[in-house]
Amino acid sequence: MAIALPRLANREMARSQSDALRLFPTRWSRNATVGLIVAVAAFPLAVTSEFWLSVLLFVGATAIGALGLNLLTGFTGQVSLGHAFFLGVGAYTACYLGNPPEGAPAGRGLPMVVWLPAAAIVPALVGLVVGPAALRLKGNYLAVVSLGLVFLGAHVFKEWESVTGGSDGTSVLPSLAVGPVDFAGIGGLTKNQSLFYLVWAIVAISALACKNLVRSRPGRAMQAVRDRDVAAEVVGVSLARYKLGAFSISSGLAGLSGALYAVVLTYVEPGTWSLPLSIQFVAMVIVGGIGTTMGGILGALFIGALPELVKHYSASIPFVARTATEEGLSLPQLNQILFGLSIVLFLVLEPRGLAALWLRAKAYFKAWPFSY
Amino acid sequence: MGGVSELLEVRGVTLRFGGVTALEDVSFDVRGGEMFAVIGPNGAGKTSILNCLNCLYRPQRGSIRLEGRELVGRRPVAAAALGVARTFQNLGLFPNLDVLDNLMLGRHQRMTTGFLAGALWVGKARREEVANRQRCEEIVEMLELQPFRHSSVGTLPYGVQKRVELGRALAMDPHLLLLDEPVAGMNLEETEDIARAVLEIRAELDLAMILVEHDMRLVMDLADRVMVLDFGRVIATDEPAAVQSDQRVIEAYLGKAS
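Calculation criteria
- Residues numbered from 1 in each chain as written.
- Chains lettered and ligands numbered in written order.
- Predicted model: local features only at pLDDT ≥ 70, side-chain atom pairs only at ≥ 80, totals over all residues.
- Heavy atoms only, no water.
- Helix = DSSP H or I, 4+ residues; strand = E, 2+ residues; numbered from the N terminus.
- Rg over C-alpha atoms; globule rule 2.2 N^0.38 Å.
- Buried < 20%, exposed > 50% of the residue type's maximum accessible area, 1.4 Å probe, protein only.
- Contact = heavy atoms within 4.5 Å.
- Lys, Arg positive; Asp, Glu negative; His and termini not counted.
- Charge placed at Lys NZ, Arg CZ, Asp CG, Glu CD.
- Disulfide = S-S within 2.5 Å.
- Pairing = 2+ DSSP bridges.
- Axes fitted to C-alpha atoms, helices over the stretch in contact; angles between N-to-C directions.
- Parallel < 35°, antiparallel > 145°, perpendicular 65-115°, else oblique.
- Left-handed = near helix turned anticlockwise from the far one by under 90°.
- Nonpolar A, V, L, I, M, F, W, Y, C, P; charged D, E, K, R; others polar.
- Salt bridge = Lys/Arg side-chain N within 4 Å of Asp/Glu carboxyl O.
- Buried area = accessible area lost by both parts, 1.4 Å probe.
- Polar contact = N/O pair within 3.5 Å; in protein donor to acceptor, adjacent residues only side chain to side chain.

A.B. asks: Give a detailed account of the overall build of chain B, specifying residues and quantitative values.
C.D. replies: Counting its secondary structure elements, chain B contains 10 helices and 10 strands. At 19 Å, chain B has a C-alpha radius of gyration in line with the 18 Å of a compact globule built from 258 residues. When burial is assessed residue by residue, chain B has 56% of its 258 residues classed as buried. Contacts in chain B between residues at least 24 apart in sequence constitute 67% of all its contacts with a sequence separation of at least 6. Separation of charge centres in chain B, based on 29 positive and 36 negative side chains, amounts to 7 Å.

A.B. asks: Now, about the state of the cysteines: what can you tell me, with residues and values included?
C.D. replies: Residues and elements named next belong to chain B. Scanning the entire structure with this criterion turns up zero disulfides over all chains. Counting only cysteine sulfurs, C52 is the nearest neighbor of C55, a cysteine outside any disulfide, at a range of 8.7 Å. Given a relative accessible area of 8%, C55 falls into the buried group.

A.B. asks: Which residues make up the sheet that holds strand β6 (residues 84-87) of chain B, and what are the values?
C.D. replies: Residue and element names in this part refer to chain B. Overall, mixed pairing links the six strands, which are arranged β6-β7-β8-β3-β9-β10 in an open sheet. Two strands bound the open sheet, and with one partner strand each, they are β6 and β10 (233-238). Across the sheet, the mean angle from the axis of one strand to that of its neighbour is 20°, orientation sign disregarded. Sheet topology places strand β9 (residues 225-230) next to β10; five bridges connect them, and they run antiparallel. Within β10, the residue paired with L229 across the bridge is V234. Here helix α1 (residues 46-53) sits on the sheet in contact with β3 (35-39), β6, β7 (176-180), β8 (208-212) and β9, set at roughly 150° to β7.

A.B. asks: Tell me about the packing of helix α3 (residues 50-75) of chain A against helix α8 (residues 191-215) of chain A, and please be specific about residues and values.
C.D. replies: Residue and element names in this part refer to chain A. Their axes nearest at 9 Å, the elements α3 and α8 cross at an angle of 20°. Relative to α8, the element α3 lies roughly parallel. Classified by chirality, the crossing of α8 by α3 is left-handed.

A.B. asks: Got a sec to walk through the packing of helix α12 (residues 275-288) of chain A against helix α14 (residues 331-349) of chain A? Specific residues and values, please.
C.D. replies: Residue and element names in this part refer to chain A. The N-to-C vectors of α12 and α14 enclose an angle of 35°; their axes lie 9 Å apart at closest approach. For the element pair α12 and α14, the recorded crossing hand is left-handed. Here Q280, A283, I286 and V287 of α12 lie close against α14, whose contacting residues are F339, S342, I343, F346 and L347. In terms of residue class, the contact of α12 with α14 is made up of seven nonpolar, two polar and no charged.

A.B. asks: Explain the pattern of salt bridges to me, and be specific about the residues and the numbers.
C.D. replies: All chains considered together, the criterion is met by 20 salt bridges over all chains. A salt bridge links R75 of chain B to E233 of chain A, with the shortest nitrogen-to-oxygen separation between them at 2.9 Å. Of the two residues, R75 of chain B is situated in the loop between β5 (69-70) and α2 (76-81) and E233 of chain A in helix α10 (residues 229-234); the pairing between them involves two chains. Of the residues examined, E233 of chain A reaches a relative accessible area of 11% and is grouped as buried. In this structure, E137 of chain B engages R149 of chain B in a salt bridge whose closest nitrogen and oxygen atoms are separated by 2.9 Å. Here E137 of chain B is found in helix α5 (residues 124-142), whereas its partner R149 of chain B is found in the loop between α5 and α6 (158-171), with 12 residues between them in sequence.

A.B. asks: Tell me what's going on with the interface of chain A and chain B, and back it up with residues and numbers.
C.D. replies: Taken together, the contact pairs 36 residues of chain A with 39 residues of chain B. Across the interface of chain A and chain B, roughly 3300 Å² is buried in total on both sides, 62% from carbon and sulfur atoms. Sorting the residues of chain A by area buried against chain B places Q17, R217 and R220 of chain A first, and these three jointly supply 23% of that buried surface. Counting every contact that joins chain A to chain B gives three salt bridges. One can count 10 residue pairs in polar contact (both at pLDDT 80 or more) joining chain A with chain B. Where the side of chain A that touches chain B is concerned, the elements lending two or more residues are α1 (17-20), α8, α9 (217-227), α10 and α11 (239-265) of chain A. If one sorts the elements of the side of chain A that touches chain B by residue count, α9 of chain A sits on top with nine residues.

Right, here's the structure in full:
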């Protein structure tokens with residue numbers, strides 16, 4: 001008869017390989033995760049303010065893309081400024097397949113089980129096609145080439161009117177139903193409350209998949225490529241395969257992110273997928289924590305919520321113009337300053353981002369009350 | 001020459017960088033289970049030989065056959081697949097990963113989990129991870145790395161990092177192990193740790209090794225045969241005692257009496 005062993009107090013006490021490989025090795029870490037999920041699930045019921053719900057919808061949608069960019073930049077060491085392009089590809093894939101056929105431009109009216117996966121798969125394939133050219137380059141060169149993708153995309157998005165609606169843009173109204181559950185309004189909930197569950201469920205699934213990926217063979221290979229490419233080749237890691245794989249997965253997550261972002265916006269035009277959006281994603285990865293899964297989500301939360309907080313409390317911030325005629329900084333200007341400032345401060349003071357602050361606090365309390 | 005037990009056959013390897021000839025017509029054999037040392041003054045081409053053996057460099061002429069298969073013209077990834085593992089003179093570890101992950105990277109080609117299976121982490125992917133970590137634990141134990149399992153390699157002392165790198169090479173289950181100055185820059189105690197580990201590897205795994213090293217005592221104690229290089233040419237290949245008394249070797253190291 002098997003003896004029921006108590007759960008472990010910490011990872012160092014692992015008694016077997018499977019114990020050591022648990023995602024949540026201790027009772028505390030498991031309970032904390034369950035608590036977090038419950039808190040997120042309760043949020044739209046407790047906070048019914050449309051304003052905060054929509055902020056967190058944008059945060060959730062962008063968090064998925066930030067998880068993707070973190071796989072590419074944080075874990076594989078390849079800096080890309082082309083993320084906005086793949087968000088656009090995902091968004092327009094969703095529009096083309098999911099929008100009703102009678103709209104202008106006409107969609108295909110396909111259900112969510114078709115358009116949502118397609119919004120990840122199509123950009124991932126586009127990534128596989130453009131990747132080999134871009135990934136021959138390293139560091140800043142890759143950043144510049146990937147920047148080109150954004151401008152190439154801007155042109156295509158503007159000219160391919162039958163899909164994108166050209167510069168007039170297109171509304172995003174695909175069906176949000178999966179079987180009996182319609183995320184346009186579950187039970188008596190509002191649209192934003194229902195969408196909240198859809199978006200954050202996909203965030204949770206993506207985060208889990210990323211976490212699993214980086215702790216298994218392909219993720220280790222990606223990190224080997226980032227840390228020292230010659231040594232990676234010598235132990236038998238194919239640089240091309242893992243760079244391209246990371247690029248493709250990152251593009252797929254960007255596409256998923258773009259589709260949900262578009263659904264939340266309900267209207268997109270080619271200007272939505274421009275360079276500032278790419279830069280926001282780079283900022284999310286840096287502020288959140290390069291090379292940590294948690295970092296993508298924390299970064300999206302910070303970068304997504306900051307402008308809204310500033311807007312909300314602008315009345316009590318000095319030197320800010322509240323009307324077009326008033327003297328002082330405009331809100332977008334203030335936001336740019338705060339973005340720039342936070343990137344610089346994090347790079348200088350805490351290069352591993354918000355996630356590192358959390359890890360450091362955890363390490364401190366692990367030994368508490370001893371300070372060493 | 002031409003014995004049945006030759007594991008590695010190097011024939012007439014010539015390597016040039018522009019007008020500089022790094023290796024000229026280098027030939028030697030390594031037998032199964034043999035400890036083969038390569039020595040020579042600075043710039044003699046010792047590391048260049050290792051770089052040719054695991055395909056980081058491509059020699060202009062000559063052939064390198066491991067277990068009958070040609071290595072020249074392949075990529076480093078292919079050399080790893082054929083069983084060549086190595087350590088670097090200046091360390092080739094992944095500093096942000098912990099010791100176990102570095103060792104697990106040595107298992108990379110013995111595993112098959114792809115992107116999708118890794119992200120799902122079910123069934124085979126998980127079983128494979130457990131089985132391969134078991135193998136890495138054996139190496140952790142053999143090289144006495146237990147206290148450092150979960151430490152980022154970049155934060156560990158130099159001597160420990162050298163042992164981790166040796167461990168990663170062993171995790172590849174290689175047929176030929178290339179050691180590029182495994183004790184360079186180490187103190188006596190650390191040197192003895194490595195020497196002990198190397199002897200243990202020989203006793204347990206019967207693995208052929210090529211050792212490039214400046215520490216003559218270590219070379220003379222451990223090697224079965226020694227090859228001496230000078231300016232890219234082989235000037236002697238023999239047993240340690242014979243090499244030590246070879247007139248050409250003494251001249252290469254100390255210069256000729258005028």
